[in-house]
Amino acid sequence: MAEQEELARLLQATARGDRQAFARLYELTAPKLLGAGVYMLKRRELAEDVLQDLFVKVWHRASEYQAERGGVLTWLYSVQRYLALDKLRAQRPTQELDEDMSNTLAFEGPDPSAMAMSNDMAARVHKCLDTLTDVQRRSVTLAFFEGLTHAELTQKLQTPLGTVKSWIRRGLVSLQKCLEQ
Amino acid sequence: MRYDNPQLVQRLASEYVLGTLTGRARRRFESWMRDSYQVRSAVWHWERQLGPLAEATGGVQPRARVWEQVLERTGGKAAAQAERERARARWFERLGLWRGLSLVATAAAVVLAVLLARTPTEVTPQAQQYVAVVNGPESQPLWLVRADVQQGRLAIRSINATAPAPANSYELWILPAGGAAPRSLGLLPTGTASVDTDLPVELRSLLASAQGLAVSLEPAGGSPTGAPTGPVVYQAAILSI
């Protein structure tokens, strides 16, 4: 994929201190990353803070990227998710989940046309998600896209903790099996 | 520690990546990751598996201040400023040189004139020289363009301009007055390369009245049609000296 190669080249140049490449890397990936960040954090300001932290980290640690972590974009999504999860965990104990918050955003969530455009791997993951039971799929995707903890899932799905844990565990095992085929 | 239980490692790695491994268990798992390649490798495996899901969320354009703060926090603002000043200093030196050579006959100027023997040293009353600086998104200079109408030469120097993807080339265009179709000035060098080439006769007369220069992203080797086919990525004003 030409885009993957270009991102890899830009990241390598960034690791060598090339600011122009760093700017281009930001230009190409920031909107996609912010889309995922806003979806998870529900507030644009928070998502932009995380995006900022992510790129500061990328500048200092670009050389730590390894192909084993997937494409550059996948790696950026992963690192951003960890930063976002930390942010969520840091503020959620004091802040109740506000179901209305998502309505204040002009953002409708996973976009079917983006799914159609994304690469083969994404298509495979989606296909494999379809092999999960409804409750398994719902708990795995809520955890992934919204960063919910077991306890928050328990509340949201009105289901005992043990059940939620086993939905997630079995969901991930089935997902794994399907992806390995 | 039970790194030797692959099933447990897989399960914890999947929940770590998903985010449902929280609190102390998460911190403990992170220290496992630091200690064990096997554990890290399981995490990377799950990052590759689940990561593509994130692509489904669509895009949101960040506000400009996000990038500004990234620059601030990575020392990029200071670096951009210093680079601009260096470029300006280099530029003034050259302008001074072009203008001053016929006026000042000091020993130093003679030495410089010898060094520059390959370039024209006579400054004619009418503007016959044109320069343009193509700047990048952070106002850092990417290319210096110099056209000498009298000699019919065009010199383009790349100041560390990053090469586009292998399937692309940057092409330079002159934008004639009155909105006439852009005319190609050729492909742009990248890195530290420069090109020195003939300035076609028909383009010489366009320079004086042109609206400016534009750089477009074209297929490798340049536009197949003779007109820009890709996006215009940079523009620059033409100055006469």
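Below you will find a few notes about this structure. (Residues numbered from 1 in each chain as written. Chains lettered and ligands numbered in written order. Predicted model: local features only at pLDDT ≥ 70, side-chain atom pairs only at ≥ 80, totals over all residues.)

1. A few points about the overall build of chain B
What counts is decided by this rule: A helix here means a DSSP run of H or I that spans at least four residues, while a strand means a run of E at least two residues long, and both kinds are numbered starting from the N terminus. Any residue whose C-beta has 12 or fewer other C-beta atoms within 10 Å is treated as exposed, any with 20 or more as buried, and any in between as partly exposed, C-beta atoms being built from the backbone. Residues are scored as being in contact if the C-beta atoms we place from backbone atoms lie within 7 Å.
Within chain B, the secondary structure is distributed over seven helices and nine strands. Burial statistics for chain B: of 241 residues in total, 28% are counted as buried. Restricting to contacts in chain B with at least 6 residues of sequence separation, those with at least 24 account for 61%.

2. A word on the interface of chain B and chain A
Selection criterion: Residues are grouped as follows: Ala, Val, Leu, Ile, Met, Phe, Trp, Tyr, Cys and Pro are nonpolar; Asp, Glu, Lys and Arg are charged; every other residue, Gly included, is polar.
In this complex, chain B contributes 40 residues to the contact, which on the side of chain A involves 53 residues. Elements supplying a minimum of two residues to the side of chain B that touches chain A: α1 (6-18), α3 (37-50), α4 (64-73) and α5 (76-100) of chain B. A total of six residues in the side of chain B that touches chain A trace back to one element, the largest contributor, which is α3 of chain B. The residue makeup of the side of chain B that touches chain A, split by class, is 16 nonpolar, 17 polar and seven charged.

3. Considering unusual backbone geometry
Residue and element names in this part refer to chain A. One non-glycine residue, K42, lies in the positive phi region at around 70°. Despite not being glycine, Q158 has its phi angle at roughly 50°, a positive value. Relative to the helices and strands, Q158 is located in the loop between α8 (150-157) and α9 (161-180). With 6 C-beta atoms counted inside 10 Å, the residue Q158 sits in the exposed group.

4. A short note on the packing of helix α7 (residues 134-146) of chain A against α8 of chain A
Residues and elements named next belong to chain A. Quick reminder of the rule: Whenever a helix is involved, its axis is fitted only over the stretch in contact; in every case the axis is a line through C-alpha atoms, and angles between N-to-C directions fall within 0 to 180 degrees. When describing relative orientation, an angle under 35 degrees is termed roughly parallel and one over 145 degrees roughly antiparallel, while 65 to 115 degrees is termed roughly perpendicular and anything else oblique. Here is the rule for handedness: rotate from the far helix to the near one, and if that takes an anticlockwise turn smaller than a right angle the crossing is left-handed, while a clockwise turn gives right-handed.
The geometry of α7 relative to α8 is characterised by a closest axis approach of 11 Å and an angle of 125° between their N-to-C directions. Here α8 runs oblique to α7, going by the angle between their axes. Along this stretch, α7 crosses α8, giving a crossing that reads as right-handed. Residues S139, L142 and A143 of α7 touch α8, and the partners they reach there are L153, K156 and L157. Partitioning the contact of α7 with α8 into residue classes produces four nonpolar, one polar and one charged.

5. As for the packing of α1 of chain B against α3 of chain B
Residue and element names in this part refer to chain B. Contact geometry of α1 with α3 gives a least axis separation of 8 Å together with a crossing angle of 50°. With respect to α3, the element α1 is oriented oblique. Handedness of the α1/α3 crossing: right-handed. Here V9, Q10, A13, S14, Y16, V17 and L18 of α1 lie close against α3, whose contacting residues are Q38, V39, A42, V43, W46, E47 and L50. Within the contact of α1 with α3, the residues separate by chemical class into 10 nonpolar, three polar and one charged.

6. Details of the pairing of strand β7 (residues 212-219) of chain B
Every other side chain in a regular strand lies on the same face of the sheet, so the side chains alternate between the two faces. Residue and element names in this part refer to chain B. Where we set the bar: Pairing between two strands requires that DSSP report at least two bridges joining them.
Summarising the sheet, strand β4 (residues 168-175) and β7 pair through eight bridges and their orientation is antiparallel. When the sheet's bridge partners are listed, W173 is paired in β7 with A214. In terms of strand pairing, β7 meets strand β8 (residues 232-236) through four bridges, oriented antiparallel. Looking across to β8, one finds that A214 is bridged to Q235.

7. As for the sheet that holds strand β1 (residues 129-135) of chain B
Residues and elements named next belong to chain B. Spatial ordering of the open sheet is given by β6-β3-β2-β1-β9, a layout of five strands whose pairing is antiparallel. The open sheet is flanked by β6 (194-198) and β9 (239-240), the only strands paired with a single partner. Both β1 and strand β2 (residues 141-148) contribute to a ladder of seven bridges, which runs antiparallel. By the bridge assignment, V131 is partnered in β2 with R146.

8. Details of α1 of chain B
Residues lying three or four places apart along an α-helix face the same way, a consequence of the helix completing one turn every 3.6 residues. Stated precisely, the cut-off is as follows: Expected helix span is given by 1.5 Å per residue-to-residue step, counting one fewer step than there are residues.
An ideal rise of 1.5 Å per residue puts 18 Å on 13 residues; α1 of chain B measures up with 18 Å between its terminal C-alpha atoms. At its buried positions, α1 of chain B is contacted by α7 and α9 of chain A together with α2 (23-35) and α3 of chain B. Two residues or fewer after α1 of chain B comes G19 of chain B, characterised by a positive phi angle close to 105°.

9. Considerations on helix α1 (residues 2-15) of chain A
Residues and elements named next belong to chain A. Cut-off, in case you're wondering: Note: the arc covers the axis-to-C-beta directions of the helix.
The first and last C-alpha atoms of α1 sit 20 Å apart over 14 residues, in line with the 20 Å expected at 1.5 Å per residue. Taken together, the buried positions of α1 are occupied by L7, L10, L11 and T14. Down the axis of α1, the smallest arc covering the buried residues is 100°, so these residues share one side. Buried residues belonging to α1 abut α2 (19-41), α3 (44-61) and α4 (72-91). Looking one or two residues beyond α1, the residue adopting positive phi is G17, at roughly 95°.

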